[in-house]
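In case you want the letters, here they are:
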Amino acid sequence: MPSGRSMAPPSPRGMLPSSRRLVAVLLLAAAAALGFGVRAGAAQLCAEYYDRTCPGVHRVVRRVLKKAHEADARIYASLTRLHFHDCFVQGCDGSILLDNSSSIVSEKFATPNNNSARGYPVVDAVKAALEEACPGVVSCADILAIAAKISVELSGGPRWRVPLGRRDGTTANITAANNLPSPFDNLTALQHKFGAVGLDATTDLVALSGAHTFGRVRCQFVAPRLYNFSGTGRPDPALDGGYRALLSLRCPRGGDGSALGDLDPATPDAFDSSYYANLGARRGTLQSDQELLSAPGAPTAAIVGRFAGSQKAFFRSFARSMVSMGNIEVLTGSQGEVRRNCRVVNGS
Ligand code: HEM
Ligand SMILES: *[C@@H]1O[C@H](CO)[C@@H](O)[C@H](O)[C@H]1NC(C)=O
Ligand SMILES: *[C@@H]1O[C@H](CO)[C@@H](O)[C@H](O)[C@H]1NC(C)=O
Ligand SMILES: *[C@@H]1O[C@H](CO)[C@@H](O)[C@H](O)[C@H]1NC(C)=O
Ligand SMILES: *[C@@H]1O[C@H](CO)[C@@H](O)[C@H](O)[C@H]1NC(C)=O
Ligand SMILES: *[C@@H]1O[C@H](CO)[C@@H](O)[C@H](O)[C@H]1NC(C)=O
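Residues numbered from 1 in each chain as written. Chains lettered and ligands numbered in written order. Predicted model: local features only at pLDDT ≥ 70, side-chain atom pairs only at ≥ 80, totals over all residues. Heavy atoms only, no water.

Participant: It is not clear to me how the state of the cysteines should be interpreted in this structure. Could you clarify?
Facilitator: Put plainly, a disulfide is one covalent bond tying together the sulfur atoms of two cysteines. Considering all chains together, one arrives at 4 disulfides under this definition. At a sulfur-sulfur separation of 2.1 Å, the disulfide partner of Cys87 is Cys92. Residues Cys87 and Cys92 are joined through a disulfide that is right-handed, its torsion about the S-S bond being 115°. We note that Cys87, like Cys92, is buried. Across the disulfide from Cys219 sits Cys251; the S-S distance is 2.1 Å. Judged by the torsion about the S-S bond (-75°), the Cys219/Cys251 disulfide is left-handed. With Cys219 in the loop between strand E1 (216–218) and helix H9 (223–227) and Cys251 in the loop between helix H10 (241–250) and strand E2 (260–262), this pair connects stretches of sequence that are 32 residues apart. (Disulfide = S-S within 2.5 Å. Buried < 20%, exposed > 50% of the residue type's maximum accessible area, 1.4 Å probe, protein only. Helix = DSSP H or I, 4+ residues; strand = E, 2+ residues; numbered from the N terminus.)

Participant: How should the coordination of the iron atom of ligand 1 be read in this particular structure?
Facilitator: The reference angle at a metal is 109.5 degrees if four donors form a tetrahedron and 90 or 180 degrees if six donors form an octahedron. Exactly one protein atom donates to the iron atom of ligand 1; that atom is His212 (NE2), 2.0 Å from the metal. Topologically, His212 is positioned in the loop between helix H8 (203–209) and E1. (Donors = N, O, S within 2.8 Å, 3.2 Å for Na, K, Ca; no water.)

Participant: So what exactly am I meant to see when it comes to the pattern of salt bridges here?
Facilitator: Note on pairing: side chains with opposite charge can pair once their charged atoms come close. Counted according to the given criterion, the structure contains 17 salt bridges. Residue Asp72 pairs with Arg118 through a salt bridge whose shortest N-O separation is 3.0 Å. On the criterion of sequence distance, the pair formed by Asp72 in the loop between helix H2 (57–71) and helix H3 (75–87) and Arg118 in the loop between H3 and helix H4 (120–133) is long-range, its members being 46 residues apart. Judged by its relative accessible area of 27%, Arg118 is partly exposed. (Salt bridge = Lys/Arg side-chain N within 4 Å of Asp/Glu carboxyl O.)

Participant: Which parts of the structure should I look at to understand the environment of Phe84?
Facilitator: Checked against the element boundaries, Phe84 lands in helix H3. Remark: the alpha-carbon pair of Phe84 and Met325, spanning 241 residues in sequence, is separated by 7.5 Å.

Participant: In this structure, what is going on with the packing of H2 against helix H5 (residues 140–154)? I would like to understand it.
Facilitator: Axis separation between H2 and H5 bottoms out at 10 Å; the angle between their running directions is 60°. Accordingly, the angle class assigned to the pair H2 and H5 is oblique. Like other packed secondary-structure pairs, H2 and H5 cross with a definite hand, here right-handed. Taking contact as the criterion, the partners of Val57, His58, Val61, Arg62, Leu65 and Lys66 in H2 are, on H5, Ile146, Ala147, Lys149, Ile150, Ser151, Glu153 and Leu154. Partitioning the contact of H2 with H5 into residue classes produces 7 nonpolar, 2 polar and 4 charged. (Axes fitted to C-alpha atoms, helices over the stretch in contact; angles between N-to-C directions. Parallel < 35°, antiparallel > 145°, perpendicular 65-115°, else oblique. Left-handed = near helix turned anticlockwise from the far one by under 90°. Contact = heavy atoms within 4.5 Å. Nonpolar A, V, L, I, M, F, W, Y, C, P; charged D, E, K, R; others polar.)

Participant: Help me understand the UniProt feature "site: Transition state stabilizer" (unreviewed entry) in the protein, please; the structure alone is not making it clear to me.
Facilitator: Following the UniProt record, the feature "site: Transition state stabilizer" (unreviewed entry) maps to Arg81 here. Mapped onto the secondary structure, Arg81 falls in helix H3. Sequence-distant contacts of Arg81, defined by excluding residues within four places in its chain, comprise Pro112, Ser116 and Ala117. (UniProt positions renumbered as here; feature names shortened; annotations may be inferred.)

Participant: Could you clarify how one ought to interpret a positive patch on the surface in this entry?
Facilitator: Among the surface-exposed residues, Arg306, Lys312, Arg316 and Arg320 lie close enough to one another that they form a single positively charged patch. Looking at the positive patch element by element, the count peaks at 3 residues for helix H14 (residues 311–326). (Patch = residues over 30% accessible without salt bridge, like charges linked within 9 Å, V, L, I, M, F, W, Y side chains within 5 Å. Areas by Shrake-Rupley, 256 points an atom, 1.4 Å probe, with all protein chains shown as cover. Lys, Arg positive; Asp, Glu negative; His and termini not counted. Charge placed at Lys NZ, Arg CZ, Asp CG, Glu CD.)

Participant: Help me understand the side chain of Ser116 in this model?
Facilitator: Note on placement: Ser116 falls in the loop between H3 and H4. At 3.5 Å, the side chain of Ser116 and the backbone oxygen of Pro112 are in polar contact. Among residues more than four places away in sequence, those in contact with Ser116 are Arg74, Arg81 and Arg218. (Polar contact = N/O pair within 3.5 Å; in protein donor to acceptor, adjacent residues only side chain to side chain.)

Participant: So what exactly am I meant to see when it comes to unusual backbone geometry here?
Facilitator: Negative phi is the rule for most residues except glycine; trans is the rule for most peptide bonds. With phi around 55°, Asn115 is a residue other than glycine that occupies positive phi space. A positive phi is found at Ser230, a non-glycine position, where the angle reads about 50°. Position of Ser230 relative to the elements: it lies in the loop between H9 and H10.

Participant: Please clarify how the packing of H3 against H4 should be interpreted in this entry.
Facilitator: Between two packed helices, the angle of one axis relative to the other and the distance separating the axes together describe the packing. Where H3 contacts H4, the axes come no closer than 10 Å and their chain directions differ by 85°. Of the possible angle classes, the one that applies to H3 and H4 is roughly perpendicular. Residue-level inspection shows Ile75, Leu79 and Leu82 of H3 in contact with H4, the latter providing Tyr120, Val122 and Val123.

Right under this line is the structure:
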């Protein structure tokens, strides 16, 4: 047994008060210097952030999500997408949740979001339940991160510990929202957009695109591939003929662009690796999906193959990439605020 336990340690109690103060001041100064050396005001997110201030946060979010899912099988996919559309636009700051007001031009009406991004009332319900349980504590940006994590988990996907402590922004940027990745982007464009937010343009792009293993898509994003690919008047040559026939039934030429289909026809609501098997069979639903495999020898193609062969490898990468995405330009510490209502900036 180490005898140090029973020995009296050299105790600061033995110091003179003035030298104790000096030690404290020096320690504080050192800590401050280190902190500011990293980046002024930049605190780290951590999974335990609400352990003392709102210990029930995960339980509350899970309860509201499960309830919403009873009436809406698509909601887990929609909430997962909201976190993505939040993080890619001036960071994970809850900006996508802000409505139009005198100071805000809402991102909700940007082209990638208008009549497309959904789940806002469920976020409101989560926020209301959390304001009841621990008023003024949990940010809307963190609600989106937790909702995405729980949604993936409840759909059969991987689990991970989600870092928390994001603060909510007080601005929105519809221009940036209009520049979100487009389903008609080629591989180069997709890689640029992921690189621009500090994500890895290969592994993160391929892993996160795997979220298209669940959820729905409107015909307007599919029809051009069926009838007039890149304005050629021909179908997309990268699309399997059988799948094209199936999609054409769902989305007839000149039909309703807002009609919905499944992103993953194999297992529409399950979070699994069938997305990658679909790509291997040239059954990617969006052009941007199939692009990951389009260029022979592209590094993205190798990763698609790896994830198609191993759901475990996909799940591990997806969890890691979701944490990376959730770290994009976060506000922490005293930056931003914790919104009381996710739709409006406090005090406005
Ligand atoms: C790589 C670039 C991406 C592009 C071009 C893209 C594009 C799209 C499009 C066009 C839709 C259908 C929207 C509609 O029809 O209204 C969609 C749906 C969806 N996206 Fe993506 N997406 C991308 C990446 C991601 C990422 C990174 C995630 C999450 C991690 C994600 C999650 C989803 C989900 C879950 C849906 C279904 C939503 C629902 O059913 O409500 N996507 N995406
Ligand atoms: C919000 O503002 C945008 C841009 O000014 C506008 O296009 C949109 O129709 C507005 N939406 C609502 C619900 O007022
Ligand atoms: C959003 O969609 C609505 C309803 O389809 C449409 O009337 C409006 O013009 C769209 N807004 C923008 C900014 O495109
Ligand atoms: C909004 O986003 C655009 C495009 O990313 C950027 O150029 C612009 O500076 C942003 N505006 C503000 C006020 O941050
Ligand atoms: C990809 O798209 C960009 C514009 O988004 C274009 O400039 C580029 O030429 C395209 N690359 C290929 C290989 O088609
Ligand atoms: C296909 O798209 C091109 C460019 O957008 C357009 O000029 C052409 O008329 C379209 N063709 C058909 C058959 O719709």
